[in-house]
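Take a look at the letters that make up each chain.
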Amino acid sequence: MNKTPIIFTYAFLAVAAGLGASMIPTTESEAGQSLASMARIGQGQEIPAGAFGVVIIKDAREASLLQLRGIAGTGVALLRNVDGNDCLSVPLRFVAGDFGGDDVGTTQAKTIRLTIHDAGIVQGLIAGQDIVSDQYRVGTTRDYQIAIQEGLTVEHGFVLNPGKSLLADVFGADVSHVACSAF
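If you're wondering where the values come from, they're calculated on a predicted model, not measured in any experiment.

**Quick look at the nonpolar core**
Thinking step 1. Within the largest apolar cluster, 28 residues are counted, with the highest numbers of intra-cluster contacts made by Leu79, Phe94, Leu114, Leu125, Leu152 and Leu160.
Thinking step 2. Elements with a contribution of two residues or more to this core: strand S3 (53-66), strand S4 (68-80), strand S5 (86-98), strand S7 (112-116), helix H4 (119-126), strand S10 (146-150) and strand S11 (157-162).
Thinking step 3. Those residues in contact with Phe94 that sit more than four places away from it in its chain are Ile57, Ile71, Ala72, Gly73, Ile112, Leu152, Phe158, Val159 and Leu160.
Thinking step 4. Counting residues in each nonpolar core, the second largest holds 10 residues, with Ala51, Ile56, Val178 and Cys180 among its members.

In structure tokens:
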């Protein structure tokens, strides 16, 4: 597999992010029709109307130590581009925690699903930046920058870290294009 185009893509994204170039519109009106409709990804996933993307964490473990509770795992961010006909997939590492523990032990965590309603978050994920929940408005409705759909409560603090390994912190996350259609 030829890695040269991927390296150039990372370089372009890094330069664009560094110069503050907007690769994704900042409001729904700039995106036009594409955000007004739902996008279906070829993998059977959907990005809701009005959202820039979804985060899905299926492979996570939950551990409790008395009152402390932590969740760690991996997943994917499915992000929509401006025209709505092309979507991006970004692998993620995920950690979350709160003070909701009540015992000592580990279990398989429930699937975590977040909806992204902020173009800046999408740009950050594409550029390989960590998204830390306390830097954004997080809630359970679409009025928030990040809306929790399932698997977490608003008391959880979390970090979305693009990439599959620590090498992604150096070379960037493996952003790939996936087909999607608006409906």
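**Focus on the environment of Ile47**
Thinking step 1. Tracing the sequence through the fold places Ile47 in strand S2 (residues 46-47).
Thinking step 2. Take Ile47: its relative accessible area is 0%, and that puts it in the buried class.

**A word on the pattern of salt bridges**
Thinking step 1. Using the criterion set out here, one finds 2 salt bridges in the structure.
Thinking step 2. Put simply, Arg69 and Asp98 hold a salt bridge, and the shortest N to O gap is 2.5 Å. Residue Arg69 is located in strand S4, and its partner Asp98 is located in strand S5; the two are separated by 29 residues in the primary sequence.
Thinking step 3. The exposure class of Arg69 is partly exposed, given its relative accessible area of 21%.
Thinking step 4. A relative accessible area of 10% means that Asp98 is categorised as buried.
Thinking step 5. Taken together, the salt bridges that share partners define one network made up of Glu62, Arg69 and Asp98.

**Quick notes on unusual backbone geometry**
Thinking step 1. Phi is positive for Leu66, close to 60°, though the residue is something other than glycine.
Thinking step 2. Position of Leu66 relative to the elements: it lies in strand S3.
Thinking step 3. On the accessibility criterion, Leu66 (58% relative accessible area) is exposed.

**A word on a nonpolar patch on the surface**
Thinking step 1. A cluster of nonpolar side chains, namely Leu65, Leu66, Leu68, Phe99 and Val104, defines an oily patch on the protein surface of about 580 Å² accessible area.
Thinking step 2. Along the polypeptide, Leu65 turns up in strand S3.
Thinking step 3. The class for Leu65 is exposed, based on a relative accessible area of 53%.

**Looking at the environment of Pro48**
Thinking step 1. Relative to the assigned elements, Pro48 resides in the loop between S2 and S3.
Thinking step 2. A residue is classified by how much of its surface remains accessible, and Pro48, at 26% relative accessible area, is partly exposed.

**Examining the pairing of S7**
Thinking step 1. The buried fraction of S7 amounts to 5 of the 5 residues, a majority that puts the element mostly inside the structure.
Thinking step 2. Residues Ile112, Leu114 and Ile116 point to one face of S7 and Arg113 and Thr115 to the other, with burial holding for every one of them.
Thinking step 3. Bridge count for S3 against S7 is 5 bridges, and the pairing is antiparallel. Bridging across to S7, Ile56 finds its partner in Arg113.
Thinking step 4. Both S7 and S10 contribute to a ladder of 4 bridges, which runs antiparallel. Directly across from Thr115, in S10, lies its bridge partner Ala147.

**Some details on the environment of Gly157**
Thinking step 1. Mapped onto the secondary structure, Gly157 falls in strand S11.
Thinking step 2. Given a relative accessible area of 32%, Gly157 falls into the partly exposed group.
Thinking step 3. Those residues in contact with Gly157 that lie beyond four places of it in its chain are Val95, Ala96, Gly97 and Ser133.

**Some words on H4**
Thinking step 1. Counting buried residues along H4, 6 of its 8 residues qualify, which places the element largely inside the surrounding structure.
Thinking step 2. Of the residues making up H4, those classed as buried are Ala119, Ile121, Val122, Gly124, Leu125 and Ile126.
Thinking step 3. The N-capping residue of H4, defined by a side-chain oxygen 2.7 Å from the backbone nitrogen of Gly120, is Asp118.
Thinking step 4. In the stretch just after H4, Gly128 is the one whose phi turns positive, near 85°.

About the criteria used
Residues numbered from 1 in each chain as written. Predicted model: local features only at pLDDT ≥ 70, side-chain atom pairs only at ≥ 80, totals over all residues. Heavy atoms only, no water. Core = buried A, V, L, I, M, F, W, Y, C linked by side-chain atoms within 4.5 Å. Buried < 20%, exposed > 50% of the residue type's maximum accessible area, 1.4 Å probe, protein only. Helix = DSSP H or I, 4+ residues; strand = E, 2+ residues; numbered from the N terminus. Contact = heavy atoms within 4.5 Å. Salt bridge = Lys/Arg side-chain N within 4 Å of Asp/Glu carboxyl O. Patch = residues over 30% accessible without salt bridge, like charges linked within 9 Å, V, L, I, M, F, W, Y side chains within 5 Å. Areas by Shrake-Rupley, 256 points an atom, 1.4 Å probe, with all protein chains shown as cover. Pairing = 2+ DSSP bridges. Polar contact = N/O pair within 3.5 Å; in protein donor to acceptor, adjacent residues only side chain to side chain.

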